[in-house]
Amino acid sequence: MINKLVMTFFALLAFQLAHAQKYSVSGTIKDAGTGEDLIGANVLVKELPGTGASTNVYGFYSLTLPKGQYTLIFQYIGYEPIEKSIDLNDNKKISLELKEASSQLQEVVITATKEDENVTSTDMGALKLSPKEIESIPVLFGEKDILKTVQLMPGVQTAGEGSTGFYVRGGSADQNLILLDGAPVYNASHLLGFFSVFNSDALKDINLIKGNMPAEYGGRLSSVMDVKMKDGNAKKLSVSGGLGLISSRLTVEAPIVKDKGSFMISGRRTYADLFLQLSNDQDLNSTTMYFYDLNMKANYKLGDKDRVYLSGYFGKDVSAFSDSFGFDWGNATGTFRWNHLFNDKLFVNTSLLYSKYNYDIEITGSKNLNINSNIVDWNLKQDYEYYLNSKNTIKFGFNTIYHTFSPGELKADASSGINSSKVEERYGLESALYLSNETAFNSRFKLNYGLRLSHFAALGAGTVYQYNKEGNPISSQYYGKNEVIKQYMGLEPRVSGTYLINESSSLKAGYARSNQYIHLLSNSTSSNPTDIWIPSSQNVQPQISDQFSVGYFKNLHENKYEFSTEVYYKSMQNVIDYKNGAEPNLNTHYEADLLFGDGEAYGAEFFLKKKKGRFTGWMSYTLSKSTKQIEGINNGLAYSAKQDRTHDFSIVGMYKIKPNMTLSANWVYYTGNAVTFPSGKYEIENKIVNLYTERNGYRMPDYHRLDLGLTIENPNFKWSVNPETGEKEKVMKRFSSSWNFSIYNAYGRENAYSIDFKESENVPGTTEAVQLSLFKIIPSITYNFKF
Amino acid sequence: MKYITAIATFLSLIACEKVIDVNLNDSDPKLIVEATLENNVQNNLVRLSRSVNFNEPNTMPAVVGANVEISAEQGPTYSLIEIEPGLYQYPDLIALEKDQYELNVYSEGETYLAKSSFLEPVTIDSLSYEYKEKSQFFDAGFRVTVYYTDPSDIGNYYRFKVYRKGILEKNIYVSDDQYSNGLSTSRVFFNLSFNKGEEVEVVLQHIDKGVYDYFNTLADLVNEQGGGSSAPSNPISNISNDALGYFGAMASDSKTITIQ
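Predicted, not measured: the structure shown is a model, and the values here were computed from it. (Residues numbered from 1 in each chain as written. Chains lettered and ligands numbered in written order. Predicted model: local features only at pLDDT ≥ 70, side-chain atom pairs only at ≥ 80, totals over all residues. Heavy atoms only, no water.)

Points about the pattern of salt bridges
Using the criterion set out here, one finds 43 salt bridges over all chains in the structure. Lysine 210 of chain A serves as the salt-bridge partner of glutamate 605 of chain A, at 3.0 Å between the closest nitrogen and oxygen. Here glutamate 605 of chain A, found in strand β38 (residues 594-610), pairs with lysine 210 of chain A, found in the loop between β16 (203-209) and β17 (223-229); they are 395 residues apart in sequence, far enough to count as distant. The same class applies to glutamate 605 of chain A and to lysine 210 of chain A, which are both buried. For aspartate 213 of chain B, the salt bridge is made with lysine 209 of chain B, and the minimal N-O distance between the two is 3.0 Å. Separated by four residues within a single helix, aspartate 213 of chain B and lysine 209 of chain B lie in helix α2 (residues 209-222), roughly one turn from each other. Since its relative accessible area comes to 38%, lysine 209 of chain B is described here as partly exposed. Connected via shared salt-bridge partners are Glu36, Asp181, Lys204, Asp231 and Lys297 of chain A. (Salt bridge = Lys/Arg side-chain N within 4 Å of Asp/Glu carboxyl O. Helix = DSSP H or I, 4+ residues; strand = E, 2+ residues; numbered from the N terminus. Buried < 20%, exposed > 50% of the residue type's maximum accessible area, 1.4 Å probe, protein only.)

Have a look at this one:
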């Protein structure tokens, strides 16, 4: 099997090798104002329509052409293009900077990509966003959040009211790989999921892949969200920030050495609890509840061929109640990157990554307790890009992660009557090798094909238990340090192809297999800071998915409109659920509480976007189904997964009333998720107990909500009289600022957050259903500035 | 759980609750068994009833005319007498010993079976109370603590019953020895606030794992708390043939304290 696939790979590659004398032109493309690398900027050849290259995530491009005279066009949406004539008789280096189109001319930027890239690229189920695009979209508490904007796209569902948690194409939340500058973020939410850890001021680019992952990504079944931080302004010192009702932000960027290196520091802190302190209620004013985020990044160019980056993120939620209960949790990530150019065609990126998530609970009073848990990753990876010729781009590399899992530790005072205890640490080595090639067979047909070989070794030191059917340990074995407890290997083929029907439309199809070796134990409705990550082991097998998708992509009215539709089918193996009464926290035998089975998800997605003009925005609709079948749950019958949602519709609109004023609105409508409600009741010890007959057999009520927003930019210029001509002209000011007003849930719909079935308080002897709704008409105001 | 409660407190500033109509399915009536075998109790009882649809009133039909038997592994079989509709009583006090007991119910052509072990009672060392100011989560008032010593072997399970002036409190309290094996340990009933002059009786029941699993999963459903499981399900019953409820042999010890 492996041999065959590898042979096919090389056969395809050999087929592509041409013989004519060729030279390459390569370099980097940057923003002239800030010196930031431009990702996905295009280099087109005027004489050879359809031939071109685009920059990678470090702004690097390489294009190989037969000897000759060419006119190259360098372009990036929202920037003024540059044309350059070259005589290609040698390998050439052209690095340049593009200027942002002036604001009078600039149309609202909706994508950071080539105008027709959605049609021509082999990307399927891919979403690209820049923080700029989400600036004017109204959000809860005025806190713009990339994870919430992504939920307005097809195939991506919110995990609940106001939540940053998301599900992709019927997969569970732990099947999303969230990367910040390449380092995994294990819990991307603050404050019960109402905010994400991503401070959009610090971000440069977000790329979400919904399943047809290229071979360089792996480790999760459903999606990869690749978030990149800003590199920092390499031209001049710039400061930006914002003041909001619930949080404030400040970002400082500056060159270290002009055009050679720069840094960025960005911080955010919420202060919702300051309002609680104004309360007369003693319960509330003794409550502390806030979070902060700190993002830092620095980069430096060591000559023409090398550049190093150092970036870090640190964030923490802090809560304390009446000095008797403290609860903190947070993520830390660190990234060291080294870009090296071997020659005009071979680019390599080496990364050393660190990632940690932990929580810590402190209880003081009659009993002094401390409970903590964490996961720590050390990760080394190398990614090569080889620009073989204008028709082939080969990528290959490796990735190896050493995981340390500390599922839980309880420390107690000797006098507390509680024994200190600890769930043994677990260790795992997760590795992968990959090779892929994107090849243009002709001007119509492009194929991206690759293989990823993944491997996981559960390592000692530790005790491994075997369980019987009832979940009782029957035997145990101790493994020494770094001794291999269990190994798994997976071969993951990834293919996606594009066939251009004509200049403005294409058909795409793809297949991807993924293996997931680490899993999240989460037993509650919303994302919970105490959810724990566990490795695959003797008792827990890797989750595996196979996804097939087909799509049709069409651009209309000279790329003014973009339309796409995709259908997908995903089958999953070894998905996890819990036995009744499972207690995953502080439980040595947590594996005995797990049940395994199969999952299946399929759906159709529709997307229409208007990219240009005074009015911009998009509509997205998803029709989908997601089921699980697990022995021991629902009598072994298939049941709807909790993320199963049949219809999901969103519409987002932004209208530029005046050059400095944008009105925006979004409306979402979706049918309720699958949920378990009682079908009867009975009595035990004079208590009424609900009777459940099937898992997730009911639906939550339909959800809909309208949000409104208004962004007003204060004039960033003043009029002055030119002494030479005597005419009035605009002089740009260094300081610019804007106001953002928004209303969340503008028509006050009472959407169900949860429904409780309980004994009636008003009519004794009966029971009733009580709906809890969270946010009804939440206005907010934010002031943003930049200088 | 406390964290969820705290967040819920915060959200209650902006959240709202209302009673809604939900169209629920009908369900087949199921046999509900409530059977205890407890020392220190004059008449042990077995109550048999059936479940009803959620939208009906809270009057559960009694199961009459059933044949109910209890036997010890090392002893005779006793037949229970129906003293009122759905309520079955032992003919006389059984001298309970450390043994496994079996319950058999024959009703409307179906047989239901359950087993439960009677263990050595664990005695309550003492009770105490202490006044607590109003806090984030609880009302002001006296809190009662029960002290007991866990046996040295691992795998002991408990249920606590708290009576205020002779009336059983609705919350279900269970505990195991996962964090307290072999220790002199205690349990505070944080969410029960008592007043001066009230008489509080605490019953400590030493139970087997099957009964613990039942009450532990029942507590998830009936105890009042925010959040909760995303997929609630019926408690783990130790009764066969798809009946709900439990059969529990319970080695009990009790103490009473009056708040002064």
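Picking up after the structure, the text goes on.
Concerning the environment of valine 550 of chain A
Residue and element names in this part refer to chain A. Among the structural elements, valine 550 can be located in strand β36 (residues 543-556). Judged by relative accessible area, which is 46%, valine 550 ranks as partly exposed. If we skip the residues at most four places from it in the chain, valine 550 touches Met124, Lys508, Ala509, Thr565, Glu566 and Val567. (Contact = heavy atoms within 4.5 Å.)

Let's talk about the interface of chain B and chain A
Contact residues are listed per partner, giving 71 residues for chain B and 73 residues for chain A. Together, the buried faces of chain B and chain A total about 6,300 Å²; carbon and sulfur atoms form 59% of this surface. Run the count over chain B and chain A and you get three salt bridges. Among the ionic pairs, glutamate 685 of chain A bridges to arginine 159 of chain B, the shortest N-O distance being 2.7 Å. At the boundary of chain B and chain A, one finds 18 residue pairs in polar contact (both at pLDDT 80 or more). Counting residues per element, the ones that place at least two in the side of chain B that touches chain A are α1 (2-11), β1 (16-20), β2 (31-38), β4 (52-53), β13 (157-164), β16 (184-188), α2 and β18 (244-258) of chain B. No other element matches α1 of chain B, which puts eight residues into the side of chain B that touches chain A. (Buried area = accessible area lost by both parts, 1.4 Å probe. Polar contact = N/O pair within 3.5 Å; in protein donor to acceptor, adjacent residues only side chain to side chain.)

Concerning the sheet that holds β17 of chain A
Residues and elements named next belong to chain A. The strand order across the open sheet formed by five strands is β9-β16-β17-β12-β13, and the pairing between neighbours is mixed. Two strands in the sheet have a free side with no partner beyond their single neighbour: β9 (126-129) and β13 (183-184). Here two bridges tie strand β12 (residues 176-180) to β13, and the two strands are oriented antiparallel to one another. Note on β13: the bridge partner recorded for leucine 179 is proline 184. (Pairing = 2+ DSSP bridges.)

Digging into the packing of aromatic side chains
Residue and element names in this part refer to chain A. Counting across every chain of the model gives 46 aromatic pairs over all chains. With 5.3 Å between their ring centres and 80° between their planes, phenylalanine 194 and phenylalanine 775 make a pair best called edge-to-face. Of the two residues, phenylalanine 194 sits in the loop between β14 (189-190) and β15 (195-196) while phenylalanine 775 sits in the loop between β52 (767-773) and β53 (778-786), which places them 581 residues apart along the sequence. Of the two residues, phenylalanine 194 and phenylalanine 775, both sit in the buried class. (Phe/Tyr/Trp six-rings, centres within 6.5 Å; stacked < 30°, edge-to-face > 60°.)

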